[in-house]
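Spelled out, the chains give:
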Amino acid sequence: MDQLFDVSLFNSALRMVTPILLAALGGAICSRAGLFNVGLEGLVLFGAFFAIVGNFLTGSVWLAVLFAVVCVMLFSLIFGYLSIHLKANAIIVGISLNFLALGLTSFCLRAIFHVKGAYYDKDMKGLPQLDIPLIKDIPWGGGVISGHSPLVYLAIILVFVFQYFLFRTVRGFRLLAVGENPVAAKSLGIKVTRIQYGAVLISGLLCGLAGAQLSLGQVTMFTENMTSGRGFIALVATMLGQSNPLGVAASSMLFGFMDAVSIRLQGFSMPTNFTNMLPYVVTLVMMFFFKNKSYVQEARKANESSR
(Lines give C-alpha, C1' and ligand atoms only; values in the text may rest on other atoms or scores of the structure.)
Protein backbone atom coordinates (compact mmCIF):
# COMPACT_ATOMS: atom_id res chain seq x y z
CA MET A 1 0.00 0.00 0.00
CA ASP A 2 2.87 2.36 0.75
CA GLN A 3 4.20 1.72 -2.73
CA LEU A 4 0.86 2.79 -4.17
CA PHE A 5 0.11 5.92 -2.15
CA ASP A 6 3.47 7.63 -2.19
CA VAL A 7 4.68 11.15 -2.98
CA SER A 8 4.96 10.54 -6.72
CA LEU A 9 1.31 9.43 -6.90
CA PHE A 10 0.02 12.69 -5.44
CA ASN A 11 2.49 14.66 -7.56
CA SER A 12 1.13 12.90 -10.62
CA ALA A 13 -2.46 13.48 -9.49
CA LEU A 14 -1.87 17.23 -9.28
CA ARG A 15 -0.48 17.18 -12.80
CA MET A 16 -3.31 15.01 -14.12
CA VAL A 17 -6.03 17.16 -12.60
CA THR A 18 -4.91 20.38 -14.33
CA PRO A 19 -6.51 19.81 -17.79
CA ILE A 20 -9.72 18.64 -16.14
CA LEU A 21 -9.79 21.56 -13.71
CA LEU A 22 -9.13 24.22 -16.35
CA ALA A 23 -11.81 22.83 -18.66
CA ALA A 24 -14.26 22.45 -15.76
CA LEU A 25 -13.73 26.09 -14.76
CA GLY A 26 -14.53 27.06 -18.35
CA GLY A 27 -17.68 24.98 -18.18
CA ALA A 28 -18.62 26.61 -14.87
CA ILE A 29 -18.28 30.11 -16.28
CA CYS A 30 -20.48 29.19 -19.25
CA SER A 31 -22.99 27.57 -16.93
CA ARG A 32 -23.16 30.67 -14.76
CA ALA A 33 -23.93 32.68 -17.90
CA GLY A 34 -26.76 30.30 -18.82
CA LEU A 35 -24.91 28.27 -21.45
CA PHE A 36 -24.56 24.49 -21.10
CA ASN A 37 -21.22 23.93 -22.85
CA VAL A 38 -21.01 20.27 -23.87
CA GLY A 39 -18.18 21.12 -26.27
CA LEU A 40 -15.45 21.11 -23.62
CA GLU A 41 -14.03 17.86 -24.96
CA GLY A 42 -13.62 19.27 -28.45
CA LEU A 43 -12.18 22.58 -27.26
CA VAL A 44 -9.55 20.83 -25.13
CA LEU A 45 -8.65 18.59 -28.07
CA PHE A 46 -8.25 21.66 -30.27
CA GLY A 47 -6.01 23.20 -27.59
CA ALA A 48 -3.79 20.13 -27.43
CA PHE A 49 -3.39 20.02 -31.19
CA PHE A 50 -2.77 23.70 -31.81
CA ALA A 51 -0.26 23.84 -28.96
CA ILE A 52 1.85 21.28 -30.84
CA VAL A 53 1.31 23.12 -34.12
CA GLY A 54 2.35 26.40 -32.51
CA ASN A 55 5.46 24.80 -31.06
CA PHE A 56 6.28 23.28 -34.44
CA LEU A 57 5.88 26.61 -36.27
CA THR A 58 7.50 28.98 -33.77
CA GLY A 59 9.89 26.84 -31.75
CA SER A 60 8.75 28.67 -28.62
CA VAL A 61 6.68 26.88 -26.00
CA TRP A 62 5.08 30.11 -24.75
CA LEU A 63 4.12 31.25 -28.23
CA ALA A 64 2.71 27.75 -28.72
CA VAL A 65 0.49 28.16 -25.64
CA LEU A 66 -0.63 31.58 -26.89
CA PHE A 67 -1.33 30.14 -30.35
CA ALA A 68 -3.42 27.35 -28.83
CA VAL A 69 -5.41 29.78 -26.69
CA VAL A 70 -6.17 32.10 -29.63
CA CYS A 71 -7.23 29.22 -31.91
CA VAL A 72 -9.49 27.66 -29.28
CA MET A 73 -11.09 31.02 -28.52
CA LEU A 74 -11.92 31.33 -32.22
CA PHE A 75 -13.58 27.91 -32.19
CA SER A 76 -15.42 28.81 -29.00
CA LEU A 77 -16.82 31.82 -30.86
CA ILE A 78 -18.43 29.35 -33.27
CA PHE A 79 -20.20 27.80 -30.30
CA GLY A 80 -21.17 31.25 -29.05
CA TYR A 81 -22.40 32.53 -32.41
CA LEU A 82 -24.57 29.49 -33.08
CA SER A 83 -26.03 29.18 -29.58
CA ILE A 84 -26.37 32.88 -28.72
CA HIS A 85 -26.82 34.75 -31.98
CA LEU A 86 -28.55 32.11 -34.11
CA LYS A 87 -30.57 30.69 -31.16
CA ALA A 88 -29.39 27.12 -31.83
CA ASN A 89 -29.65 24.43 -29.16
CA ALA A 90 -26.44 24.78 -27.13
CA ILE A 91 -26.25 21.06 -26.36
CA ILE A 92 -26.46 20.05 -30.02
CA VAL A 93 -23.90 22.72 -30.95
CA GLY A 94 -21.52 21.43 -28.27
CA ILE A 95 -21.83 17.83 -29.43
CA SER A 96 -21.22 18.91 -33.02
CA LEU A 97 -18.13 20.82 -31.90
CA ASN A 98 -16.76 17.65 -30.30
CA PHE A 99 -17.13 15.71 -33.54
CA LEU A 100 -15.64 18.60 -35.50
CA ALA A 101 -12.57 18.60 -33.26
CA LEU A 102 -12.11 14.85 -33.54
CA GLY A 103 -12.26 14.86 -37.32
CA LEU A 104 -10.45 18.13 -37.99
CA THR A 105 -7.47 17.38 -35.76
CA SER A 106 -7.05 13.96 -37.36
CA PHE A 107 -7.20 15.52 -40.83
CA CYS A 108 -4.77 18.33 -39.95
CA LEU A 109 -2.39 15.84 -38.36
CA ARG A 110 -2.02 14.21 -41.76
CA ALA A 111 -2.06 17.49 -43.69
CA ILE A 112 0.51 19.35 -41.56
CA PHE A 113 2.77 16.66 -40.13
CA HIS A 114 2.18 13.91 -42.76
CA VAL A 115 1.72 11.25 -40.09
CA LYS A 116 -1.16 9.13 -38.85
CA GLY A 117 -2.15 8.50 -35.26
CA ALA A 118 0.46 10.58 -33.44
CA TYR A 119 3.14 13.21 -33.89
CA TYR A 120 6.29 13.32 -31.80
CA ASP A 121 9.50 15.32 -32.21
CA LYS A 122 12.37 14.52 -29.86
CA ASP A 123 13.72 18.06 -30.29
CA MET A 124 10.45 19.71 -29.27
CA LYS A 125 10.56 21.23 -25.79
CA GLY A 126 7.58 21.12 -23.48
CA LEU A 127 6.52 23.38 -20.66
CA PRO A 128 9.25 23.91 -18.03
CA GLN A 129 8.97 22.33 -14.61
CA LEU A 130 9.25 24.83 -11.77
CA ASP A 131 10.99 24.00 -8.51
CA ILE A 132 9.60 26.44 -5.95
CA PRO A 133 12.27 27.72 -3.53
CA LEU A 134 11.80 26.74 0.12
CA ILE A 135 8.67 24.70 -0.66
CA LYS A 136 10.66 22.06 -2.53
CA ASP A 137 12.67 21.39 0.65
CA ILE A 138 9.57 20.60 2.74
CA PRO A 139 9.41 16.85 3.49
CA TRP A 140 6.71 15.04 1.49
CA GLY A 141 4.69 18.21 0.75
CA GLY A 142 7.51 19.71 -1.29
CA GLY A 143 7.63 16.63 -3.48
CA VAL A 144 3.90 16.95 -4.15
CA ILE A 145 3.62 20.69 -4.76
CA SER A 146 6.94 21.51 -6.41
CA GLY A 147 8.15 20.45 -9.84
CA HIS A 148 5.12 21.22 -12.00
CA SER A 149 4.54 23.34 -15.09
CA PRO A 150 3.37 26.95 -14.65
CA LEU A 151 -0.10 26.01 -15.92
CA VAL A 152 -0.60 23.73 -12.91
CA TYR A 153 -0.07 26.61 -10.52
CA LEU A 154 -2.10 28.94 -12.72
CA ALA A 155 -5.07 26.55 -12.55
CA ILE A 156 -4.96 26.58 -8.74
CA ILE A 157 -4.77 30.37 -8.65
CA LEU A 158 -7.66 30.71 -11.09
CA VAL A 159 -9.94 28.73 -8.77
CA PHE A 160 -9.70 31.47 -6.13
CA VAL A 161 -9.74 34.25 -8.73
CA PHE A 162 -13.04 33.02 -10.19
CA GLN A 163 -14.47 32.39 -6.73
CA TYR A 164 -13.80 36.01 -5.84
CA PHE A 165 -14.94 37.30 -9.24
CA LEU A 166 -18.28 35.50 -9.22
CA PHE A 167 -19.33 36.24 -5.64
CA ARG A 168 -17.50 39.44 -4.71
CA THR A 169 -17.56 41.69 -7.79
CA VAL A 170 -20.25 43.61 -9.63
CA ARG A 171 -19.34 42.01 -12.97
CA GLY A 172 -19.57 38.60 -11.35
CA PHE A 173 -23.07 39.33 -10.03
CA ARG A 174 -24.11 40.55 -13.46
CA LEU A 175 -22.89 37.29 -14.97
CA LEU A 176 -24.87 35.34 -12.37
CA ALA A 177 -27.93 37.44 -13.12
CA VAL A 178 -27.65 36.69 -16.83
CA GLY A 179 -27.54 32.97 -16.10
CA GLU A 180 -30.44 33.04 -13.64
CA ASN A 181 -32.85 35.20 -15.61
CA PRO A 182 -31.63 36.81 -18.82
CA VAL A 183 -34.94 38.59 -19.45
CA ALA A 184 -34.89 40.29 -16.05
CA ALA A 185 -31.19 41.09 -16.44
CA LYS A 186 -31.83 42.69 -19.83
CA SER A 187 -34.64 44.78 -18.36
CA LEU A 188 -32.12 46.21 -15.87
CA GLY A 189 -29.86 47.33 -18.67
CA ILE A 190 -27.36 44.47 -18.42
CA LYS A 191 -25.91 43.57 -21.81
CA VAL A 192 -26.83 39.88 -21.80
CA THR A 193 -25.35 38.97 -25.17
CA ARG A 194 -22.03 40.66 -24.45
CA ILE A 195 -21.67 38.87 -21.10
CA GLN A 196 -22.52 35.50 -22.64
CA TYR A 197 -19.97 36.00 -25.40
CA GLY A 198 -17.42 36.98 -22.74
CA ALA A 199 -18.16 33.77 -20.83
CA VAL A 200 -17.72 31.71 -24.00
CA LEU A 201 -14.37 33.37 -24.73
CA ILE A 202 -13.16 32.77 -21.18
CA SER A 203 -14.20 29.14 -21.52
CA GLY A 204 -12.23 28.91 -24.78
CA LEU A 205 -9.18 30.47 -23.13
CA LEU A 206 -9.28 27.97 -20.27
CA CYS A 207 -9.81 25.01 -22.61
CA GLY A 208 -6.87 26.19 -24.71
CA LEU A 209 -4.69 26.20 -21.59
CA ALA A 210 -6.03 22.76 -20.66
CA GLY A 211 -5.09 21.37 -24.07
CA ALA A 212 -1.65 22.97 -23.93
CA GLN A 213 -1.02 21.38 -20.54
CA LEU A 214 -2.12 18.03 -21.94
CA SER A 215 0.16 18.04 -25.00
CA LEU A 216 3.08 20.19 -23.80
CA GLY A 217 3.00 19.87 -20.02
CA GLN A 218 2.58 16.10 -19.73
CA VAL A 219 3.81 14.25 -22.82
CA THR A 220 5.14 16.78 -25.43
CA MET A 221 3.33 15.09 -28.29
CA PHE A 222 -0.09 14.83 -29.90
CA THR A 223 -2.11 11.70 -30.54
CA GLU A 224 -5.54 11.43 -32.12
CA ASN A 225 -8.29 11.83 -29.52
CA MET A 226 -5.67 12.29 -26.81
CA THR A 227 -8.23 13.94 -24.51
CA SER A 228 -9.82 10.49 -24.07
CA GLY A 229 -12.98 11.86 -22.48
CA ARG A 230 -11.32 14.34 -20.13
CA GLY A 231 -13.59 17.08 -21.44
CA PHE A 232 -16.65 15.04 -20.52
CA ILE A 233 -15.16 14.33 -17.10
CA ALA A 234 -14.65 18.08 -16.74
CA LEU A 235 -18.34 18.55 -17.57
CA VAL A 236 -19.26 16.11 -14.80
CA ALA A 237 -16.91 17.93 -12.42
CA THR A 238 -18.75 21.15 -13.27
CA MET A 239 -22.05 19.49 -12.46
CA LEU A 240 -20.85 17.95 -9.20
CA GLY A 241 -19.31 21.25 -8.14
CA GLN A 242 -22.57 23.09 -8.89
CA SER A 243 -20.60 25.54 -11.07
CA ASN A 244 -18.92 26.86 -7.91
CA PRO A 245 -15.14 27.20 -8.52
CA LEU A 246 -14.23 25.64 -5.16
CA GLY A 247 -16.68 22.78 -5.67
CA VAL A 248 -15.44 22.30 -9.22
CA ALA A 249 -11.86 22.13 -7.93
CA ALA A 250 -12.78 19.47 -5.36
CA SER A 251 -14.59 17.37 -7.98
CA SER A 252 -11.72 17.72 -10.43
CA MET A 253 -9.22 16.62 -7.78
CA LEU A 254 -11.21 13.41 -7.29
CA PHE A 255 -11.14 12.56 -10.99
CA GLY A 256 -7.49 13.59 -11.38
CA PHE A 257 -6.52 11.41 -8.44
CA MET A 258 -8.33 8.40 -9.92
CA ASP A 259 -6.58 9.04 -13.25
CA ALA A 260 -3.22 8.93 -11.48
CA VAL A 261 -4.19 5.79 -9.56
CA SER A 262 -5.21 4.05 -12.78
CA ILE A 263 -1.78 4.72 -14.28
CA ARG A 264 -0.01 3.60 -11.09
CA LEU A 265 -1.95 0.31 -10.99
CA GLN A 266 -0.51 -0.58 -14.39
CA GLY A 267 2.84 -0.93 -12.63
CA PHE A 268 1.32 -3.63 -10.42
CA SER A 269 0.69 -5.92 -13.42
CA MET A 270 -3.00 -5.08 -13.56
CA PRO A 271 -4.68 -5.22 -17.00
CA THR A 272 -4.43 -1.92 -18.85
CA ASN A 273 -8.05 -2.10 -20.01
CA PHE A 274 -9.18 -2.39 -16.39
CA THR A 275 -7.06 0.46 -15.07
CA ASN A 276 -8.01 2.78 -17.93
CA MET A 277 -11.68 2.50 -17.13
CA LEU A 278 -11.33 3.46 -13.43
CA PRO A 279 -11.77 7.25 -13.88
CA TYR A 280 -14.90 6.70 -15.96
CA VAL A 281 -16.33 4.19 -13.49
CA VAL A 282 -15.87 6.77 -10.74
CA THR A 283 -17.57 9.33 -12.98
CA LEU A 284 -20.63 7.08 -13.36
CA VAL A 285 -20.70 6.28 -9.64
CA MET A 286 -20.56 9.96 -8.72
CA MET A 287 -23.48 10.68 -11.04
CA PHE A 288 -25.61 8.29 -8.97
CA PHE A 289 -25.05 10.58 -6.00
CA PHE A 290 -25.86 13.68 -8.05
CA LYS A 291 -29.47 14.26 -7.05
CA ASN A 292 -29.64 18.01 -7.44
CA LYS A 293 -31.67 18.75 -10.59
CA SER A 294 -30.63 22.40 -10.87
CA TYR A 295 -28.20 21.60 -13.64
CA VAL A 296 -31.01 20.15 -15.72
CA GLN A 297 -32.75 23.47 -15.30
CA GLU A 298 -29.56 25.26 -16.33
CA ALA A 299 -29.39 23.14 -19.48
CA ARG A 300 -32.98 24.07 -20.23
CA LYS A 301 -32.21 27.75 -19.66
CA ALA A 302 -29.25 27.45 -22.00
CA ASN A 303 -31.66 26.47 -24.72
CA GLU A 304 -34.20 29.15 -23.83
CA SER A 305 -32.13 32.11 -22.66
CA SER A 306 -31.33 33.48 -26.11
CA ARG A 307 -34.76 32.98 -27.60
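Residues numbered from 1 in each chain as written. Predicted model: local features only at pLDDT ≥ 70, side-chain atom pairs only at ≥ 80, totals over all residues. Heavy atoms only, no water.

Novice: Any details on the overall build of the protein? Residues and values, ideally.
Specialist: Looking only at helices and strands, the protein features 14 helices and 2 strands. Taken over the C-alpha trace, the protein has a radius of gyration of 19 Å; the compact-globule value for 307 residues is 19 Å, and the two agree within 12%. Each of the three principal axes of the protein carries a C-alpha extent, and together these read 60 × 45 × 40 Å. A total of 307 residues make up the protein; the buried ones form 52% of that total. Put simply, of all contacts in the protein between residues at least 6 apart along the chain, 77% involve residues at least 24 apart. Accessible area of the protein: about 14,300 Å², with a carbon and sulfur share of 67%. For the protein, the distance from the average site of its 21 positive side-chain charges to the average site of its 12 negative ones is 14 Å. (Helix = DSSP H or I, 4+ residues; strand = E, 2+ residues; numbered from the N terminus. Rg over C-alpha atoms; globule rule 2.2 N^0.38 Å. Buried < 20%, exposed > 50% of the residue type's maximum accessible area, 1.4 Å probe, protein only. Contact = heavy atoms within 4.5 Å. Areas by Shrake-Rupley, 256 points an atom, 1.4 Å probe, with all protein chains shown as cover. Lys, Arg positive; Asp, Glu negative; His and termini not counted. Charge placed at Lys NZ, Arg CZ, Asp CG, Glu CD.)

Novice: Explain the packing of aromatic side chains residue by residue, including any values.
Specialist: Scanning all chains against the criterion turns up 11 aromatic pairs. On the numbers, 5.4 Å between centres and 75 degrees between planes, the contact of F49 with F50 is edge-to-face. An identical accessibility class is assigned to F49 and F50; each is buried. Seen from their ring centres, F113 and Y119 are 4.0 Å apart, and the 20 degrees between their planes marks the pair as stacked. By the ring-pair criterion, three or more aromatic residues cluster together here, those being F46, F49, F50, F56, F67, F75, F113, Y119 and F222. (Phe/Tyr/Trp six-rings, centres within 6.5 Å; stacked < 30°, edge-to-face > 60°.)

Novice: Describe unusual backbone geometry, with residues and values.
Specialist: The phi angle at N225 is positive, at roughly 55 degrees, despite the residue not being glycine. For N225, the location among the structural elements is in the loop between strand 2 (222-223) and helix 10 (230-240). For N225, a relative accessible area of 35% corresponds to the partly exposed category.

Novice: Before we move on, can you summarise the nonpolar core with the specific residues and values?
Specialist: The biggest cluster of nonpolar side chains holds 79 residues, and the ones touching the most others in it are L25, F49, L216 and F222. It is helix 9 (residues 192-218) that provides the largest number of residues to this core, a total of 12 residues. In this view, L216 contacts A51, I52, N55, V61, A64, V65, M124, K125, G126 and L127; residues no more than four positions away in its chain are not counted. Formed by 7 residues, the second largest nonpolar core is a distinct cluster that contains A13, M16, A260 and L278. (Core = buried A, V, L, I, M, F, W, Y, C linked by side-chain atoms within 4.5 Å.)

Novice: For the pattern of salt bridges, give the residues involved together with the corresponding values.
Specialist: Any two side chains of opposite charge can pair, on the condition that their charged atoms come close. In the structure shown here, the tally under the stated rule is 3 salt bridges. One salt bridge connects E224 with R110, and the closest N-O pair in it is separated by 2.9 Å. Pair noted here: E224 is in the loop between strand 2 and helix 10 and R110 is in helix 4 (residues 90-113), with a separation of 114 residues, a long-range link. Owing to a relative accessible area of 35%, R110 belongs among the partly exposed residues under this scheme. One salt bridge connects D123 with K122, and the closest N-O pair in it is separated by 3.5 Å. For D123, a relative accessible area of 58% translates into the label exposed. Taking relative accessible area as the criterion, K122 reaches 65% and is therefore assigned exposed. (Salt bridge = Lys/Arg side-chain N within 4 Å of Asp/Glu carboxyl O.)

Novice: Please set out the UniProt feature "transmembrane region" (unreviewed entry) in the protein residue by residue, giving values where relevant.
Specialist: When the UniProt feature table is mapped onto this chain numbering, "transmembrane region" (unreviewed entry) sits at residues 12-31, 38-57, 63-84, 91-113, 150-167, 232-258 and 270-290. Secondary structure over residues 38-57 splits into 90% helix and 0% strand, and the C-alpha atoms at its two ends are 30 Å apart. Split by type, residues 63-84 is 100% helix and 0% strand. Its first and last C-alpha atoms lie 31 Å apart. (UniProt positions renumbered as here; feature names shortened; annotations may be inferred.)

Novice: Outline the packing of helix 1 (residues 7-32) against helix 10, supporting the account with residue identities and numerical values.
Specialist: Running from N to C, helix 1 and helix 10 point in directions that differ by 55 degrees, and their axes come no closer than 8 Å. When the axes of helix 1 and helix 10 are compared, the pair comes out oblique. Here helix 1 runs over helix 10; the crossing is right-handed. Of helix 10, the residues touching helix 1 (which contributes I20, A23, A24, G27 and A28) are R230, I233, A234, A237 and T238. Residue composition of the contact of helix 1 with helix 10, grouped by class: 7 nonpolar, 2 polar and 1 charged. (Axes fitted to C-alpha atoms, helices over the stretch in contact; angles between N-to-C directions. Parallel < 35°, antiparallel > 145°, perpendicular 65-115°, else oblique. Left-handed = near helix turned anticlockwise from the far one by under 90°. Nonpolar A, V, L, I, M, F, W, Y, C, P; charged D, E, K, R; others polar.)

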